[in-house]
Amino acid sequence: MCGVSTLTSVPFLNLKKQYLSIRSEIDQAIHDVLETCNYVKGKDVAAFAKGFSEYLGAGYCIGVGNGTDALEIALKALNVGPGDEVITVPNTFIATVEAIIAVGAVPVLVDIDYDTYTLDPVHLEAAINDKTAAIIPVHLYGMPCDMDAINEIAVKKGIPIVCDAAQAHGTRYRGKHVSCYGSISTYSFYPGKNLGACGDAGAVVTDDPGLATRIRMLADHGRQDKYLHQVIGSNSRLDSLQAAILNIKLQYLETWNDRRKEIVKLYNQGLADIDNVTLPLVPEYAEPCWHQYVIRADTRDELKNYLSKRGVETGIHYPVPIPEQPALKNAVVRCDRARLVTMCNQILSLPVCPEMDDSMAHYVVDSIHDYFKCRMEQ
Ligand SMILES: *Cc1c(COP(=O)(O)O)cnc(C)c1O
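Here we summarise the structure given alongside this text. Computed from a predicted structure; not experimentally measured. (Residues numbered from 1 in each chain as written. Predicted model: local features only at pLDDT ≥ 70, side-chain atom pairs only at ≥ 80, totals over all residues. Heavy atoms only, no water.)

**Describing the site of the ligand**
The test is simple: Here a residue is near a molecule or strand as soon as one of its heavy atoms is found within 4 Å of it. In the analysis that follows, any N or O atom pair within 3.5 Å is treated as a polar contact, provided that within protein one partner can donate a hydrogen and the other can accept it, and provided that, for residues neighboring in sequence, both atoms belong to side chains. Residue exposure ignores everything except the shown protein chains as possible cover, and the areas themselves are Shrake-Rupley values with a 1.4 Å probe.
Contacts to the ligand come from 14 residues, most closely from Gly67, Thr68, Asp164, Ser188 and Lys193. Contact distances for the ligand include 2.8 Å between an oxygen atom and a side-chain N or O atom of Gln167. Between the ligand and the protein, one listed contact pairs an oxygen atom with a side-chain N or O atom of Ser188 at 2.6 Å. Protein chains bury 93% of the 380 Å² of accessible surface belonging to the ligand in isolation.

Take a look at the structure:
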């Protein structure tokens, strides 16, 4: 047991297996785009906007180039720019903060709730001032932020919310999709997300018709008409090939998310009795889509290494918090850096992709048990 050997291998992601499971449909969809030659805009892009907004119960969905552009376009649509501050969290993928800086605003990083890894409404309220132009809660790991509490503060102060839902396809808050909360939500369809394209893709979702019009223009050269440009925008359209692929994959999203939930159940049952591991906490309001299943352990690096030798691939999301990134010297840091760094040294994402079978989940559980048993014997 303590002499480590690999009995099986558990990949963190298995995009190949996912593709093979729907190969004929994907191949047909790609073939159809090639045949019709509608490479930009066209029916697949429109169908995806319709399909995804219907799935979410949202008014409007505008396909864009990727999840980072989606955030930047959302902020521009709200007229966030130089002189403004945007409040977000310090434990997110760099893109959240890149978008704030790209529009000329200053990111203000506030403390999170360390049980849910999401924006803490108390710290949010304390960080709001006259310069605050927007709030970006991040539904990290697919865990919804406490939107009622955040919304109450935002409404009281008259500040719009842009939710970064790049990891939250299918996540519900109090029974409704997370995109039902806030002014705008943004999605990424990067290949590894719960709904992933075969390349870069993203979407901006809103219920506000005025914002939808602005977002559509901003993502397409500020166009009001083909050669009439109302505002200075950019070229960030959802690609037709990616839209065609996403139309197929969207039909499987709920099934895939359900499979993630089954794996999570096996992890929760199998790991509950290990004292040295903190499991994800799910608040009563939350129905996460389990983009990541993140545990915490003091000896994280050693555990990660042990699992790797056992053939279990794991991840760290994210190892370096935003305030410690060399590129971010001018961010306003209003959070406890030391606590954040400690957390980043403890978190470990276990594989939770829908292509895993039960035996793989059991193998991950057994391997973690073995690691702690071996440690005690040393
Ligand atoms: C993936 C991701 C993004 C960026 O999406 P891209 O499509 O890769 O540009 C933004 N925010 C979060 C939290 C993400 O996980």
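Having put the structure on the table, let's press on.
**A word on the pairing of strand S15 (residues 293-296)**
Stated formally: Buried means the residue's accessible area, taken with a 1.4 Å probe over protein chains only, is under 20% of the maximum for its type, while exposed means over 50%, and partly exposed covers the values in between. Elements are defined by DSSP. Helices are runs of H or I of four residues or more, strands are runs of E of two residues or more, and each kind is numbered from the N terminus. Pairing between two strands is assigned when DSSP locates at least 2 bridges connecting them.
Covered by surrounding structure in S15 are Tyr293 and Ile295 together with Val294 and Arg296, the residues of both alternating faces. Relative to strand S17 (residues 347-350), S15 is paired through four bridges, and the arrangement is antiparallel. Opposite Val294, over in S17, you have Ser349 as the bridge partner.

**Here we look at the sheet that holds strand S8 (residues 172-173)**
Spatially, S9-S8-S14 is the arrangement adopted by the three strands of the open sheet, whose pairing is antiparallel. Edge positions in the sheet fall to strand S9 (176-177) and strand S14 (286-287), since each of these pairs with one other strand and no more. Pairing of S8 with S14, which is carried by two bridges, proceeds in the antiparallel orientation. In the sheet register, Arg172 faces S14, and the bridge partner there is Glu287.

**A look at the environment of Ile73**
This is how the line gets drawn: Residues count as neighbours in contact if any of their non-hydrogen atoms are within 4.5 Å of one another.
Along the polypeptide, Ile73 turns up in helix H4 (residues 67-77). Residue Ile73 is classed as buried on the basis of its relative accessible area of 3%. As a C-alpha pair, Ile73 and Lys50 span 23 residues in sequence and 20 Å in three-dimensional space. Filtering out sequence-adjacent residues up to four positions away, Ile73 remains in contact with Val64, Ile215, Leu218, Ala219 and Ser236.

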